[in-house]
Amino acid sequence: MAKTASDTKAKRTRGEAAGGKDAAGRKGAAKKAKSTDVESTDAKRPDTKRPDTKSPNGTGKKTDKAKTRAKTAAKAAALVAAEKATRPGPLGAAGAAEETPAREEDLAVATVRKVAMEAARTRSEHDLLGDGEVPADALWGIHTKRAVANFPITGVPVGHYPDLVRALALVKQAAARANHRLGYLPEAKARIIDEACTRVATDPTYAESFVVDAIQGGAGTSTNMNANEVIANVGLTLMGRAPGDYAALHPNDDVNMAQSTNDAYPTALRLAVIFATQPLVKALDDLAYAFKSKAVEFADVLKMGRTQLQDAVPMTLGQEFDGFHATIKEDVARLNEIVGLFREVNLGATAIGTGINADPRYAALAVEELSRLAGQPMVLASNLIEATSDLGAFVLFSGTLKRVAVKLSKICNDLRLLSSGPRTGFGEIRLPAVQAGSSIMPGKVNPVIPEVVNQVAYMVIGHDLTVTLCAEGGQLQLNAFEPTIGYCVLSSLRMLSAAIDTLTKRCVEGIEADRERCRSLVQGSIGLVTALAPTLGYEASSRIARRALKENRAVADLVLEEGLLTEAQLNELLELEAMTHPTRRQKAGQRAGTVG
């Protein structure tokens, strides 16, 4: 049975009074125990004139390290004695028959923490397992407390993902509005829940109360309970009541009305992915624009293209960066397409898709309200049983994130290669120097921004495999592994957005071209002969290439030496425009044919 506010207040008053007396008793006992312990230590102190076999020099004098250990041990013993003196029952200060030896955990855990927890103000709540104490002012309740104890998995709470917190609040708000429209939720409660949800959805400080670990058993039940309790307790404070006074507003009966974790949590997760994709799309657009700007800036920088890390044919640095721009824009288009799959939700399906405990009209009304609140065109799934168990949309979306990650990582590999050196590598571009690169090699600067993006890409690729396995692991009418899918997808979205933003602002925007280095590599490359092949023919071009490699000479010099082309002809064929755009030259000595 829920306790009234007056019962809760009376209990707090009694607890505070008892806590004050206990605190005074503990303080006196601690002082007495410390004094006794010091006297005992002095009495047992060995004669300093007696040789000390444990001292390193045999003089009988303790080293500073030994003295420190002795002081630490004495202090720990005093704290343990004080804590024992304050324990109630047969081990308490009042007439303990005998003293129990100190346990290792007593020594490991600071006694002051135990005393502080005993003095904390709490409230009592009840669930199917019995009664439990939670902090008096906490916005979460006993279901959340049990979940925190059960799932100390990642250390990453649900509140780490503000988009998910916002989505959970909007789902609860939409449900309350639908239930009120159908006449099941009274006006007063509907209004309070509505206001509480608005606050949770818009004020980021409420995310601190979503303390359940993001990865959990139960298909998201703990997250749903956490949301129900927070919204109920925010509502109670708006009503002027104390948290935990669930007789006035109940987390399950009122906030969770006509819902199950199995439709509320998946719907919220899908909406959260829609929200979290927007920053990623913006970050990708910004990166694509940055690459396009560099493509224009480097349009006249001639360089060698490479295949399999070997010299290929000439191109411009602008063309290379324009390729980066194009591949990023493709990913933006794919993301905008795939994220649309999450607009189909199963809100109203309740437990397995049959809609048990919900009005037949509820599902359509709830999704309508959710669309209005979220500003997103959400639609009700055509088959709620299928929609409750199927996670195919997450598999496809995660695969798209993997595609983004793979392409980003390849671009970063290219940036690292192109900037390698500065004297012994490619050295065609210079990345912004953002920090010292070595603790031992002065002056060294590393490509740390592309490197961190590589690492984020590897994380996203790993998350995609996890999502695939979780989606496959579903059984019958539900997939219990959706929390891990949510953790992976939302983490990937968050990391990718941050990494891309960092890459744009701290790397790409500040890239410079080493024009002279690029030109010198082109002039010394055997790959130039490819531009002459249509004119000289394959055999003559191959001979020139072999000679250039063997004699370490420039291709142009050998062509002139053999009289294969005049200097004017050679210069025309080696112009930037001729070498970097589609062109076809006739063989030397042949007349151009006509086009019919």
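Now for a quick tour of the structure. The structure presented is a predicted model; accordingly, all values stated were derived computationally and were not measured. (Residues numbered from 1 in each chain as written. Predicted model: local features only at pLDDT ≥ 70, side-chain atom pairs only at ≥ 80, totals over all residues. Heavy atoms only, no water.)

Before going further, it helps to examine the overall build of the protein. Counting its secondary structure elements, the protein contains 22 helices and 8 strands. Residues classed as buried in the protein amount to 43% of the 596 residues present. In the protein, once contacts between residues fewer than 6 apart in sequence are set aside, the share between residues at least 24 apart is 70%. (Helix = DSSP H or I, 4+ residues; strand = E, 2+ residues; numbered from the N terminus. Buried < 20%, exposed > 50% of the residue type's maximum accessible area, 1.4 Å probe, protein only. Contact = heavy atoms within 4.5 Å.)

With that settled, consider the environment of Ala190. With respect to the helices, strands and loops of the structure, Ala190 is situated in helix H7 (residues 187-202). Taking C-alpha positions, Ala190 is 5.8 Å from Ala176, a pair spaced 14 residues apart along the chain. Filtering out sequence-adjacent residues up to four positions away, Ala190 remains in contact with His180 and Leu185.

Any two side chains of opposite charge can pair, on the condition that their charged atoms come close. Evaluation of the coordinates by the stated rule reveals 38 salt bridges. The residue Glu551 makes a salt bridge to Arg547 at a minimum N-O spacing of 3.0 Å. Taken together, the positions of Glu551 and Arg547, both in helix H19 (residues 538-551) and 4 residues apart, correspond to about one turn of that helix. Where Arg553 meets Glu551, a salt bridge forms, and the shortest distance between an N and an O atom there is 3.3 Å. Look at the salt bridges and you will find they share partners, linking Arg177, Arg181, Asp194, Glu368, Glu369 and Arg372 into a network. (Salt bridge = Lys/Arg side-chain N within 4 Å of Asp/Glu carboxyl O.)

What follows covers the packing of aromatic side chains. Scanning the model with the defined rule gives 6 aromatic pairs in all. Measuring from ring centre to ring centre gives 5.4 Å for Phe321 and Phe324, while their planes differ by 65°; the resulting arrangement is edge-to-face. Remark: Phe324 and Phe321 occur in helix H11 (residues 317-338); sequence separation between them is 3 residues, near one turn of the helix. Considered together, Phe321 and Phe324 belong to a single accessibility category, that of buried residues. Relative to Phe394, the ring of Phe342 has its centre 4.8 Å away and its plane inclined at 50°; by these criteria the two rings are tilted. Here the residue Phe342 occupies a position in the loop between H11 and strand E5 (344-345), and Phe394 occupies one in helix H14 (residues 392-418), the gap between them amounting to 52 residues. Arg306 extends its terminal NZ or CZ atom over the ring of Phe426, reaching a point 4.1 Å from the ring centre. (Phe/Tyr/Trp six-rings, centres within 6.5 Å; stacked < 30°, edge-to-face > 60°. Lys NZ or Arg CZ within 6 Å of the ring centre and 35° of its normal.)

Once that is clear, we can look at the pairing of strand E1 (residues 122-127). Pairing of E1 with strand E2 (residues 130-135) involves 6 bridges; the strand directions are antiparallel. Directly across from Asp127, in E2, lies its bridge partner Gly130. Connecting E1 to the next strand, E2, in antiparallel fashion are 2 residues. (Pairing = 2+ DSSP bridges.)

With that settled, consider the state of the cysteines. One way to say it: the disulfide is the covalent bond shared by the sulfur atoms of two cysteines. Per the counting criterion, the structure on display carries 0 disulfides. Between Cys488, a cysteine without a disulfide, and Cys470, which holds the nearest cysteine sulfur, the sulfur-to-sulfur distance is 6.3 Å. Overall, Cys488 belongs to the buried group, its relative accessible area being 3%. (Disulfide = S-S within 2.5 Å.)

Over its 25 residues, helix H15 (residues 448-472) extends 37 Å from the first C-alpha to the last, a length consistent with the 36 Å expected when each residue adds 1.5 Å. Listed as buried for H15 are Ile449, Pro450, Val453, Asn454, Val456, Ala457, Val460, His463, Asp464, Val467 and Cys470. (Expected span 1.5 Å × (residues − 1).)

Quick look at helix H5 (residues 142-150) now. What H5 keeps buried is the set Ile142, Thr144 and Ala147. Buried residues along H5 sit in contact with E1, E2 and helix H8 (221-238).

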